[in-house]
Amino acid sequence: MLRKFAIIFLVITINSNLFAAESSKEKLIKQDWSFNGITGTYDKAAIQRGLKVYQEVCAGCHSMNLIYYRDLEDIGFSKEQIKVIASEYTVLDGPNDEGEMFERPARPADKFVDPYMNAQEARLSNNGSYPPDLSVINKSRKGGADYIYNLLIGYEEPPADIVLGEGMYYNKWMDGKQIAMPTPLYDGSVDYEDGTENTAIQLAKDVTVFLQWAAEPELEERKRLGVKVILFFIIFGIFVFLSKRRLWKQIH
Amino acid sequence: MQDKKEPKKYKNSFLNWIEYRLPIISYLEKEYGDYPMPKNANYFWSFGALLTICLVVMIISGIFLAMYYTPHVDMAFESTERIMRDVSFGWLIRYIHSNGASFFFIVVYIHMIRSLYYGSFKYPRELNWLLGVFIYFIMMATAFLGYTLPWGQMSYWAATVITNLFSAIPFVGEGIKTWLLGDYTVGNATLNRFFALHYVLPFVIFGVVGLHVAAVHVHGSNNPAGIEVKEPEDTVKFYPYMLVKDTLAFCVFGIIISAVIFFGPNLMAEVDNYIPADPMVTPAHIVPNWYLAPFYAILRAVPDKLGGIVLMFAAIAVLFIIPWLDNSKIKSCSFRPLYKWLMILFFVNFFILGYVGMKPATGIYLLLARLGVIYYFGFLLVITPFMHRFEKNIILPNSIHEIYKKKK
Amino acid sequence: MTTPYLVLTVTLIFIFLFIYMVSTVVWGKVVSANDKKAELNKEETRRDFLHVSTITIGAIGSATFMWPFIKSMNPAEDTLALGTTEVDISNIDEGQSITVTWRGKPVFIRKRSKEDIAEAKNAKLSNLPDPEKDSDRVKKEDWLILVGVCTHLGCVPSGQKVSDKKGDFNGWYCPCHGSHYDTSGRIRKGPAPDNMEVPPYKFLNDNTVLIG
């Protein structure tokens, strides 16, 4: 009796957050992401396309200050390519020997360059709203990648009964249904080099994959190791079970 | 002086050498080798061993995290993410630690439920229960302190809300709060002292666990029948019989915890904690960790600030006196047909309180919380002391060994 | 193989052997204790094998569990990424030195004078505790670049400023235990065993050098 109760307790406890996340609101349109599931991996081509979307669209307002240019090696860029990518940005360094700050091209060991000097400047340029840092955005929103994807394509004409604030847009996935970010992605906003069609939906998908990678760069390694660890516990468990059975045979 | 020869207790001369100087070998042999366990102990008796493993794993992973973590308001969040990204296997160590905390509480709750259900807290093991509740109490404090360290939104606001509880104390409350924080709000001084305390408290727990285990070993473990061991036939040796059972339980536990660590490491975390702390913005849905949520629900069930806090601490304090509330001579609920169901209802009620504690305190949730509080105290303070007067128990077996004979 | 890995491998092997031996001995004891009850000898050996395997697998598991923790103590990726330093050397006059940091260590960059170079070249290799030609230690004769750490016990030798004590060989002098280095950074006198280390570097152009 108590045993069954304990198992139910355990299962519900683990799942309670999931229930909490999904109740009340409209259901997110779930995507079949390649990184889902036990053997999930990243589609590197999609991450690279997503990086391009980030650089050309998002990076105008959103920082990613936990990511380094060197991290791009993970998604299939060579060291030389990364140097070129980094050198397109300028960072403020210093002080030099004369005690002055100076600008220099970014290096692979630098973090992604912020679009604004500080939070105040960011607010000033964005109508008082602060564009959140995107480094761990997929981990910091309920629904994760699905939420981000839906948000990006979730812009609609506001229903008649809703009065939008000044400079606000209607997006049914946002808390309060109003968002300060204008529609970021349109068909053809970004040109892809690999010939993938650049519809708004495709752009949203790719940038979501990129953000997922940025939030969880360890995902592939984690899942691979997880399979091994669980296998170990199963094998060890079988041996222990056999040992236990033999030992306890003499009791009773 | 007489040239006395060292006694030869063991074949191995190295063991003998140590034993003569420090009788640790015979101690280990007595407490973990030949220690008699009631042979009808079921897998619920493995949760003590699981807890020991949890504690050791938490301490090890914690020490390593402390090597890479920076307790400063400007760097705490970033250094946590640095652990996740740049330190080799840092993500693994952090996920072990964060999910380990949740599982530590799951296991501790099951351990406590077992103790309540089978009456392990009764004579002669009352001190054990006291030490156990004390450990549980320090665990909650440690978990709360640890939760503030990543310095995300939830960390910051949990610290703010919990420390503000103290400000409800009349006259000296504000002073105590400021003294706790070392600042007027939660700030760098707070983070530094929380880190220091979070580092040291687990070692206090470790010490109390030592006493807890030593105390169990004085009168031996309880068992599902709740009758004391009478003859050697009732028991098995800890080694190897219980050890192999505990190890099997650990394997099952290992599979479950690995599934969470590797495939859903943030299932039991709050998403808002991946947003850096911002003293100017409170997140819309501020919730405590699930393992503290039942007490949070009790806190919010009362419309008065001080009243809620008093009731919350009373809910923990009442646990300490349970051994003196239950006057029934029967230990195990298996032999108390009515009380058994009330007991299970108490567990369910505690769980519902936890669920409610993570929901907004309005409407149906507030009602549920209030009913939950009434049953929580009603069960412990009214039902438990008087139940045995009305209840007719099932007849107990004479000895543990007899149970096995009957089965055959 | 780097040292930590070697140490770990050896430790793992020892743990394995130790556990296997202990488990064999201990299980021998348990089995002999049970001998009174047990009738079938065949089953005894099978049981023995099963239990020893179980314990061994468990021991390997616990040892492997420590691996990520040990590995995490290596320099993290952000530390490794900062492995290079770019230095502007256009402002250094002949005979002068500057000190820059590379991987947290001081690096000496000295523009050597004609006499310095001649001194370094003329030293008899047979007189040196750690014989090395000056030409093997520099890429351009004018420029001597060294990790400024005494090979004895890790102090930073003096000799960078003109007023500093430079030792008997006009190079550097370590104040901790009195090691003397020459104008090529080679050990000449004192307890240090080796010449000062030359870091990997290259000249990006006449005015800049990249260390690391």
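Treat the numbers as computed from the prediction; the structure is a model and nothing was measured. (Residues numbered from 1 in each chain as written. Chains lettered and ligands numbered in written order. Predicted model: local features only at pLDDT ≥ 70, side-chain atom pairs only at ≥ 80, totals over all residues. Heavy atoms only, no water.)

## Some points on the overall build of chain C
Then, in step 1: Within chain C, the secondary structure is distributed over four helices and nine strands.
Then, in step 2: Reading the helices (α) and strands (β) of chain C from amino to carboxyl end gives α-α-α-β-β-β-α-β-β-β-β-β-β.
Then, in step 3: For chain C, buried positions account for 39% of its 212 residues.
Then, in step 4: Taking all contacts inside chain C whose residues are at least 6 apart in sequence as the whole, residues at least 24 apart take part in 56%.
Then, in step 5: Accessible area of chain C: about 12000 Å², with a carbon and sulfur share of 59%. (Helix = DSSP H or I, 4+ residues; strand = E, 2+ residues; numbered from the N terminus. Buried < 20%, exposed > 50% of the residue type's maximum accessible area, 1.4 Å probe, protein only. Contact = heavy atoms within 4.5 Å. Areas by Shrake-Rupley, 256 points an atom, 1.4 Å probe, with all protein chains shown as cover.)

## Regarding the interface of chain C and chain A
Then, in step 1: Taken residue by residue, the interface counts 17 residues in chain C and 14 residues in chain A.
Then, in step 2: Here chain C is connected to chain A by two residue pairs in polar contact (both at pLDDT 80 or more).
Then, in step 3: Secondary-structure elements contributing two or more residues to the side of chain C that touches chain A are α1 (3–34), α2 (41–71) and α3 (77–81) of chain C.
Then, in step 4: Take the side of chain C that touches chain A: its biggest share by element is 10 residues, from α2(C). (Polar contact = N/O pair within 3.5 Å; in protein donor to acceptor, adjacent residues only side chain to side chain.)

## Some thoughts on a negative patch on the surface
Then, in step 1: A contiguous patch of negative charge on the surface is contributed by Asp93(C), Glu94(C), Glu115(C), Glu119(C) and Asp142(C).
Then, in step 2: Relative to the helices and strands, Asp93(C) resides in the loop between β1 (85–88) and β2 (97–102). (Patch = residues over 30% accessible without salt bridge, like charges linked within 9 Å, V, L, I, M, F, W, Y side chains within 5 Å. Salt bridge = Lys/Arg side-chain N within 4 Å of Asp/Glu carboxyl O. Lys, Arg positive; Asp, Glu negative; His and termini not counted. Charge placed at Lys NZ, Arg CZ, Asp CG, Glu CD.)

## Here we look at the interface of chain A and chain B
Then, in step 1: Contact with chain A, which involves 53 residues of that partner, is made by 59 residues of chain B.
Then, in step 2: Across the chain A/chain B interface, buried area totals approximately 5200 Å², and carbon plus sulfur atoms make up 75% of it.
Then, in step 3: Counting across the chain A and chain B interface gives three salt bridges.
Then, in step 4: At the junction of chain A and chain B, the tally comes to six residue pairs in polar contact (both at pLDDT 80 or more).
Then, in step 5: Elements that contribute at least two residues to the side of chain A that touches chain B include exactly α1 (2–22), α6 (200–215) and α7 (219–249) of chain A. (Buried area = accessible area lost by both parts, 1.4 Å probe.)

## Digging into the sheet that holds strand β5 (residues 170–174) of chain C
Residues and elements named next belong to chain C.
Then, in step 1: Ordered in space as β5-β6-β7, the three strands form an open sheet in which the pairing is antiparallel. This sheet does not close on itself; its edge strands, each paired only once, are β5 and β7 (187–189). Recorded for the sheet is a direction-independent mean angle of 35° between the axes of neighbouring strands.
Then, in step 2: As judged from the four bridges shared by β5 and strand β6 (residues 179–182), these two strands associate in the antiparallel manner. The partner of tryptophan 172 across the bridge, within β6, is tyrosine 181. (Pairing = 2+ DSSP bridges. Axes fitted to C-alpha atoms, helices over the stretch in contact; angles between N-to-C directions.)

## Structural notes on the state of the cysteines
All names here are of chain C.
Then, in step 1: The final tally for this structure, using the stated rule, is one disulfide over all chains.
Then, in step 2: One disulfide in the model links cysteine 155 with cysteine 176; its S-S distance is 2.0 Å. For the disulfide bridge between cysteine 155 and cysteine 176, the dihedral angle about the S-S bond is near -95°, and by the sign convention the bridge is left-handed. Of this pair, cysteine 155 sits in the loop between β4 (143–147) and β5 while cysteine 176 is found in the loop between β5 and β6, placing the two residues 21 residues apart along the sequence.
Then, in step 3: Cysteine 174 carries a free sulfur, and the closest cysteine sulfur to it, the one in cysteine 150, is 3.8 Å from it. (Disulfide = S-S within 2.5 Å.)

## Points about the nonpolar core
Then, in step 1: One finds Phe105(B), Tyr136(B), Phe295(B) and Tyr376(B) to be the most contacted residues of the largest nonpolar core, which totals 134 residues.
Then, in step 2: Mapped onto the domain boundaries, this core takes at least three residues apiece from domain 2 (38–291) and domain 3 (296–408) of chain B.
Then, in step 3: With residues near it in sequence (within four places) discarded, Phe105(B) still touches Tyr136(B), Met139(B), Met140(B), Ala143(B), Trp290(B) and Tyr291(B).
Then, in step 4: Formed by 45 residues, the second largest nonpolar core is a distinct cluster that contains Leu72(A), Ile85(A), Leu151(A) and Ile179(A). (Core = buried A, V, L, I, M, F, W, Y, C linked by side-chain atoms within 4.5 Å. Domains from an automatic or database assignment.)

## Digging into helix α6 (residues 126–148) of chain B
Then, in step 1: Along its 23 residues, α6(B) runs 34 Å from first to last C-alpha, staying within 8% of the 33 Å computed at 1.5 Å per residue.
Then, in step 2: Taken across its 23 residues, α6(B) has 18 buried, putting it largely inside the fold. (Expected span 1.5 Å × (residues − 1).)

## Some points on the pattern of salt bridges
Then, in step 1: Counted by the stated rule, this structure contains 31 salt bridges over all chains.
Then, in step 2: A salt bridge links Lys140(C) to Asp206(C); its shortest N-O distance comes to 3.4 Å. A residue pair is termed long-range when its members are at least 10 positions apart, and Lys140(C) in the loop between α4 (114–122) and β4 and Asp206(C) in the loop between β8 (201–203) and β9 (208–211) qualify at 66 residues.
Then, in step 3: Residue classification places Lys140(C) among the partly exposed residues on the basis of a relative accessible area of 31%.
Then, in step 4: Members of the salt-bridge network, linked through shared partners, are Arg70(A), Asp71(A), Asp86(B) and Glu77(C).

## What about the confidence of the model for chain C?
All names here are of chain C.
Then, in step 1: Taken as a whole, chain C shows an average pLDDT of 83; of its residues, 85% reach a score of 70 or greater.
Then, in step 2: The least confident element of chain C is α1, whose mean pLDDT is 67; the most confident is β4, at 92.
Then, in step 3: In the model, residues 36–40 has pLDDT below 50 throughout and makes one contact with residues more than four positions away in sequence or in other chains.
Then, in step 4: In the predicted assembly, ipTM is 0.92 and pTM is 0.87. (pLDDT = per-residue confidence, 0-100.)

## Quick word on helix α16 (residues 400–407) of chain B
Residues and elements named next belong to chain B.
Then, in step 1: Buried within α16 we find Ile400, His401 and Tyr404. End-on view of α16: buried residues confined to an arc of 105°, all on one side of the axis. In α16, the exposed positions that point more than 90 degrees away from the buried face belong to Lys405 and Lys406.
Then, in step 2: Looking at the buried positions of α16, the neighbouring elements they touch are β1 (36–38). (Arc of directions from axis to C-beta.)

## Some thoughts on the pairing of β2(C)
Residues and elements named next belong to chain C.
Then, in step 1: Where β2 lies against strand β3 (residues 105–111), six bridges are found, and the strand directions are antiparallel. Along β3, the bridge assignment pairs serine 97 with arginine 110.
Then, in step 2: Joining the antiparallel neighbours β2 and β3 is a turn of two residues, in which arginine 103 adopts a positive phi near 50°.

## Remarks on the environment of Gly48(B)
Residue and element names in this part refer to chain B.
Then, in step 1: The residue glycine 48 is located in helix α3 (residues 47–68) in this model.
Then, in step 2: Judged by relative accessible area, which is 25%, glycine 48 ranks as partly exposed.
Then, in step 3: Separated by 59 residues in the primary sequence, glycine 48 and valine 107 place their C-alpha atoms 8.5 Å from one another.

## Comments concerning the packing of aromatic side chains
Then, in step 1: The final tally for this structure, using the stated rule, is 45 aromatic pairs over all chains.
Then, in step 2: Centroid distance Trp248(A) to Tyr241(B): 6.0 Å. Interplanar angle 85°. Geometry classified as edge-to-face. Here Trp248(A), found in helix α7, pairs with Tyr241(B), found in helix α10 (residues 238–263), and the two come from separate chains. For the pair Trp248(A) and Tyr241(B), a shared accessibility class is recorded, and that class is buried.
Then, in step 3: In this arrangement the basic side chain of Lys39(B) is found over the ring face of Tyr404(B), its NZ or CZ atom lying 4.8 Å from the centre.
Then, in step 4: Over the ring of Tyr201(C) we find Lys139(C); its NZ or CZ atom is 4.7 Å from the centre of that ring. (Phe/Tyr/Trp six-rings, centres within 6.5 Å; stacked < 30°, edge-to-face > 60°. Lys NZ or Arg CZ within 6 Å of the ring centre and 35° of its normal.)

## Notes on the packing of α3(B) against α10(B)
All names here are of chain B.
Then, in step 1: With their axes 9 Å apart at the nearest point, α3 and α10 run at an angle of 60° to one another. If you check the angle between α3 and α10, you find them oblique. Where α3 crosses over α10, the two elements pack in a sense that is right-handed. Along the contact surface, α3 presents Ala49, Leu50, Ile53 and Cys54, while α10 presents Asp246, Ala249, Phe250 and Phe253.
Then, in step 2: For the contact of α3 with α10, the class distribution of residues is seven nonpolar, no polar and one charged. (Parallel < 35°, antiparallel > 145°, perpendicular 65-115°, else oblique. Left-handed = near helix turned anticlockwise from the far one by under 90°. Nonpolar A, V, L, I, M, F, W, Y, C, P; charged D, E, K, R; others polar.)

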